[in-house]
Amino acid sequence: MQKLLQLPVNAVNIVKGVQGVTQGQEEALSPVLTPDSGPQNWYSAVQPEELRHLRSGGTEDRSALEEGLNSVQTQPLRHDDLKEMLDSNKDSLKLEAMKRIVAMIARGKNASDLFPAVVKNVACKNIEVKKLVYVYLVRYAEEQQDLALLSISTFQRGLKDPNQLIRASALRVLSSIRVTIIVPIMMLAIKEAASDMSPYVRKTAAHAIPKLHSLDPEQKDQLIEVIEKLLADKTTLVAGSVVMAFEEVCPDRIDLIHKNYRKLCNLLIDVEEWGQVVIINMLTRYARTQFLNPNINESLLEENSEKAFYASDDEEEEDKKAEPATLAKRKPYVMDPDHRLLLRNTKPLLQSRNAAVVMAVAQLYFHLAPKAEVGIIAKALVRLMRSHSEVQYVVLQNVATMSIKRRGMFEPYLKSFYIRSTDPTQIKVLKLEVLTNLANETNISTILREFQTYIKSMDKDFVAASIQAIGRCATNIGEVRDTCLNGLVQLLSNRDELVVAESVVVIKKLLQMQPEQHSDIIKHMAKLIDNIQVPMARASILWLIGEYCEHVPKIAPDVLRKMAKSFTNEEDIVKLQIINLAAKLYLTNSKQSKLLTQYVLNLAKYDQNYDIRDRARFIRQLIVPTDKSGALSKYAKKLFLALKPAPVLESPFKDRDHFQLGSLSHLLNAKAAGYQELPNWPESAPDPSVRNVEIPDWSKCSSRKDRKEKKVEKPFYSDSEGESGPTESADSESDSGSGSASASGSDESGSGSESEESGEETESDEEEEDEEEEKKKRKKLDKTKAKKQCIINFDQFDMNKITSVFSQTLAPSGSIKMYELLHRIKGEGLAVEYCFSRQPFSPEPNMVAVQIQFTNNTNSETKNLHIEDPRLQSGMRIREFAEIDVLAAGESVTVVMGIDFCDSTQAANFQLCTHTRKFFVSIQPPVGELMTPAFLTENDFKKEQGKLMGMNEILEKLTLGEKCVNEHVIVERVTATANLSRVPCGSDKECRFAGKTVSSGCLVLVTVTTKEGGGAQLTVNCEKMLIGTMLVKDILQALSQ
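Calculation criteria
- Residues numbered from 1 in each chain as written.
- Predicted model: local features only at pLDDT ≥ 70, side-chain atom pairs only at ≥ 80, totals over all residues.
- Heavy atoms only, no water.
- UniProt positions renumbered as here; feature names shortened; annotations may be inferred.
- Phe/Tyr/Trp six-rings, centres within 6.5 Å; stacked < 30°, edge-to-face > 60°.
- Helix = DSSP H or I, 4+ residues; strand = E, 2+ residues; numbered from the N terminus.
- Buried < 20%, exposed > 50% of the residue type's maximum accessible area, 1.4 Å probe, protein only.
- Salt bridge = Lys/Arg side-chain N within 4 Å of Asp/Glu carboxyl O.

Where an unreviewed UniProt entry is consulted, the protein chain appears under the name AP-3 complex subunit beta, with the organism given as Cyprinus carpio carpio. Per UniProt, the protein chain has the following entry under Sequence similarities (unreviewed entry): "Belongs to the adaptor complexes large subunit family."

Written out as structure tokens, the structure is:
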């Protein structure tokens, strides 16, 4: 593959000589990747068709090209050659270059210097090229944030592309750029994509929500609004993705699910497979909080099924009084229809080809279904046992948990859990677990015969697990305890030491149940102490002999004698049991074991292990009475020889069902990160009406005439001031709120017709004519009112002449804020302040004028005030002020300098120098000072606002501050925040402002619409979304104070 990733330079030059083919042929050669298409070949060589279009058909060029392609192994492409290929007019060369660049990145080579050449091809029509460009940009976005921010505008254009694939890819890349500064842009892009016509784009928007939430958790409230909107989507493509976003961002907001519960249940069968898994798991937790336990009556019946045979008269009377309450409790359980809907719609998915879907449905039935209906999942789970070993492992983990509580549903499939020789060890152990859980009096003989076969296996771990399984069967079923014990004793003569050791451990646990009946077995095990070398087995034998030394009084001292000889060579676990055996024999048979016990304790006293030394000191003080012995020595026999309860051999899966089946936490038996607890059943049924969905009024109308009457009731234009109300969008339920559909001209009629819903196209021609006549009447009224309200006709005046007048009236002297550039203490007596004068900077109009005031607070002169070493971000420029030769003591001087901030709020850093010192300072502009007023008429304002809709429009609701009581205060605060001019408006409830960015001249439009009750809506339209977002925050803060 590495050989294919290189192309010689001469081959590229020859390919450049190929005649261009038509655009249609180029696109035919470049396959388009659709959401359903298969994977593409990333490392394809040059297309054979290109060889046919050489300028000269001679054999020399052909042989040269073939030679170049053959030498692909030795001559890698340089970056200059890749740049030439990217600048080519042929999509095939661009595609080839992008493949090689992505391959370079995959091999760890740096390709960041190709960024300018690559980013130009985002506008390429070939989707394959564009997709690879997006891959490249994502790679360098996080580590080179400045370069990534340069491409944001390109992605914004991609979000408006007519091709749904390009819109989705642009959003996917935008959400993958982990740069905090573009969070507002990402939020706006997600909101816009959530209302897109294409379900594929809406699905991508749902995928972007968790990415944005992880980048900035403070956006949670806005993201929940988008999730709520997408949950109402009726397409199956979106459902799974938005539920996944819901689980990641706000899993506790079940109120968002109420209205969409039935829709999700009905769509479930058609959702893609991984979406089905997410939805089923979410609905399982939802159902546990909204429905009653279907098996609640079983526990009540069990509690009241048994009554005392003998009962006093008083008790009988109490029983009679308690009967109504008991009957009320025994009231037949009626399943909620929504609960039944969930079970009914998930049942067909048990036949899914995806194992995860089957497992999800199985856990849903186990946690939610009545006991009588759970059995249907057994057959589906057994079917999964024929799948890959990884799937088998997960399924068997869950079956092992289910079989503890619902043993009966897997009993008909007992043979499906028999172990094959080809099964991996972990699968064998899990099948043993299931077989042990399914064992009962009826099938135990069959299962034990199967276990006997397993003991002959060559897999030692599996054999040990089989012996443990036999021990568990003997513990659980008393009828076969003796049979199992005899079989395990026979295994003690096995040649394999591991088999014998495991048998000893299991026998030790079984003998604790009936030790007096099995003294022969204890004697037999004592004889094996010389042959068994496994530490755990030796320790188990010693514990048995010490615990039941009264049953083998002659053998026990002899065993202690043998163990005392080898004490220093034993393992620590065996040494501890030797000390215990010595102590117990000292208390029961001190004549024969007194000297041995002292010998063993002396050896343990100097052992290397401190646990053994501590045990020896403790036991010596306890069993050997001395003058210093405490009161405990009297109770030594009770402490060592107390009756001990027999061990309970339980399944390790017994308590795992508190985790949701099929989850990672259940698999690990530990709570994993992000795990949502399975809620407990509610004691009383919650209100089921929360899941009722209101039906729109128009759907209840019986005829088209009725629908027409309903629609006529709502006027097309509102009655206030000739302004139109909010238009409805086909994709979004939110109001546009701009109020810009009022009108004078053809633009408004066009926008009004476009905002109609698609369903209205089926109305009759008469309805359309009536509406058109009504529109014309409204427009005439609007025109007359607009003429009356517009006192000044701006078309008759020269706008340049009145600029200064407006700037003076809208920017009063008190609103200019002074900022500290250099404090007098830090500047050693030199204090420097600056402000943004909001006057044009005459040397260069694209620069912001910054007025700087120097004050000399010292007793001596300050000389040679000037600027050095400006440190600016890329694209920024600075126009220095003329050097100040002398600043006398106690005097001040004001100068003006120009800075081109490139429409960004990044600081301009430089050194402020005097004849003796240099001070590092920086000037950072508020976003409102990056603008200059723009004077528009009302019609021009509406026209420009219509061009800046969608992603370029930001809407925010706010509550006005106490002092914002009238229009004058609002205008004053907005113009103090941003250098904008007032635009005439015919409505008393709207204030409009316009301006342009100083550097690029991009239009900035601001609308403040006041509402009753102190509320308001702020609308900002700007092509530069980052500036618009920051401006919204500043104006919101100013108006809320």
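Draft legend 1. Structural view of the packing of aromatic side chains. This structure, assessed with the given rule, holds 12 aromatic pairs. Ring geometry for Phe659 and Tyr675: centres 5.7 Å apart, planes at 70 degrees, overall edge-to-face. Here Phe659 is found in the loop between helix 35 (636–640) and helix 36 (664–668), whereas its partner Tyr675 is found in the loop between helix 36 and helix 37 (697–700), with 16 residues between them in sequence. Residue Phe659 shares its accessibility class with Tyr675, and that shared class is buried. Seen in terms of ring centroids, Tyr819 and Tyr834 are 5.4 Å apart; in terms of plane orientation they differ by 25 degrees. Their pairing is stacked. Taken together, the positions of Tyr819 in strand 1 (residues 819–822) and Tyr834 in strand 2 (residues 830–836) put the pair 15 residues apart, joining distant regions of the chain. On the accessibility criterion, Tyr819 (21% relative accessible area) is partly exposed.

Draft legend 2. Looking closely at the pattern of salt bridges. In this structure the tally under the stated criterion is 32 salt bridges. Close ionic contact of Arg253 with Asp255 constitutes a salt bridge, the shortest N to O distance being 2.9 Å. Judged by its relative accessible area of 39%, Asp255 falls in the partly exposed class. Its salt-bridge partner being Arg871, residue Asp869 comes within 3.3 Å of it at the nearest N-O pair. Overall, Asp869 belongs to the partly exposed group, its relative accessible area being 37%. What you see here is one network of salt bridges that share partners, running through Arg262, Asp336, Asp338 and Arg691.

Draft legend 3. Focus on unusual backbone geometry. Despite not being glycine, Arg838 shows a phi value in the positive range, around 60 degrees. Since its relative accessible area comes to 14%, Arg838 is described here as buried. The backbone of Asp903 sits at a positive phi, close to 55 degrees, despite the residue not being glycine.

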